[in-house]
Amino acid sequence: MTVGYIFWLVLTIIFTIIEFAIPALVTVWFAFAAALTVFVSLITNNMKVEIAFFTFVSLLAILFLRPYAKAILSKNKDNFDAEKIDTAIIVKKIVDTSKEEKIYDVSYKGSIWTALSNELFEVGDTPVISCFKGNKIILKK
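The end-to-end C-alpha separation of helix α1 (residues 4-21) is 26 Å, in line with the 26 Å expected for 18 residues at 1.5 Å each. Along α1, the residues that are buried comprise Gly-4, Trp-8, Leu-11, Thr-12, Phe-15 and Glu-19. Along the long axis of α1, the arc covered by the buried residues comes to 105°, so they all point the same way. For α1, the exposed residues lying more than 90 degrees away from the buried face are Ile-17, Phe-20 and Ala-21.

Written as structure tokens, this is what we have:
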């Protein structure tokens, strides 16, 4: 038995770490292929067969599984478009009003969000959502 399985195991770990660091649904398929290749390397001592298997599984996973995974993951994201605009929310805390763009903590969908506005609000006020800017809510009266 060769140490080929150790090589594929290390590759699996490296690809997994890269996917966690830069989530793009690319290296996860290489990690998947490398993990399967660990088992192939236990059966054969031929590195050419292992590389061919790894390449084949990687290509199949990227071509067929990645689009399916992206579709599933994109369905789980909240759509903060038109239906949320003009929704009234409650100002819970004033964070910083010294700048032109004031910062507040607001209660929205059961959690505390950071909100921005050029207008001045007090704790307990109920402004409405103007739009979203990244993960921040833009408020208006």
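Having seen it, we continue.
Time to look at the packing of aromatic side chains. Centre distance and the angle of the planes are the two values used to describe a pair of aromatic rings. Scanning the model with the defined rule gives nine aromatic pairs in all. For the pair Phe-15 and Phe-30, a centre-to-centre distance of 5.5 Å together with 40° between the ring planes defines the contact as tilted. Residue Phe-15 is located in helix α1, and its partner Phe-30 is located in helix α2 (residues 27-43); the two are separated by 15 residues in the primary sequence. An aromatic cluster of at least three residues, connected via ring pairs, comprises Phe-7, Trp-8, Phe-15, Phe-30 and Phe-54.

With that out of the way, let us pick up the sheet that holds strand β5 (residues 136-140). Read from one edge of the open sheet, five strands run β1-β2-β3-β5-β4, paired in mixed fashion. Strands with a single pairing partner mark the edges of an open sheet, and in this sheet they are β1 (90-96) and β4 (128-133). The mean angle between the axes of side-by-side strands here comes to 40°, regardless of whether they run parallel or antiparallel.

Rules behind the numbers
- Residues numbered from 1 in each chain as written.
- Predicted model: local features only at pLDDT ≥ 70, side-chain atom pairs only at ≥ 80, totals over all residues.
- Heavy atoms only, no water.
- Helix = DSSP H or I, 4+ residues; strand = E, 2+ residues; numbered from the N terminus.
- Expected span 1.5 Å × (residues − 1).
- Buried < 20%, exposed > 50% of the residue type's maximum accessible area, 1.4 Å probe, protein only.
- Arc of directions from axis to C-beta.
- Phe/Tyr/Trp six-rings, centres within 6.5 Å; stacked < 30°, edge-to-face > 60°.
- Pairing = 2+ DSSP bridges.
- Axes fitted to C-alpha atoms, helices over the stretch in contact; angles between N-to-C directions.

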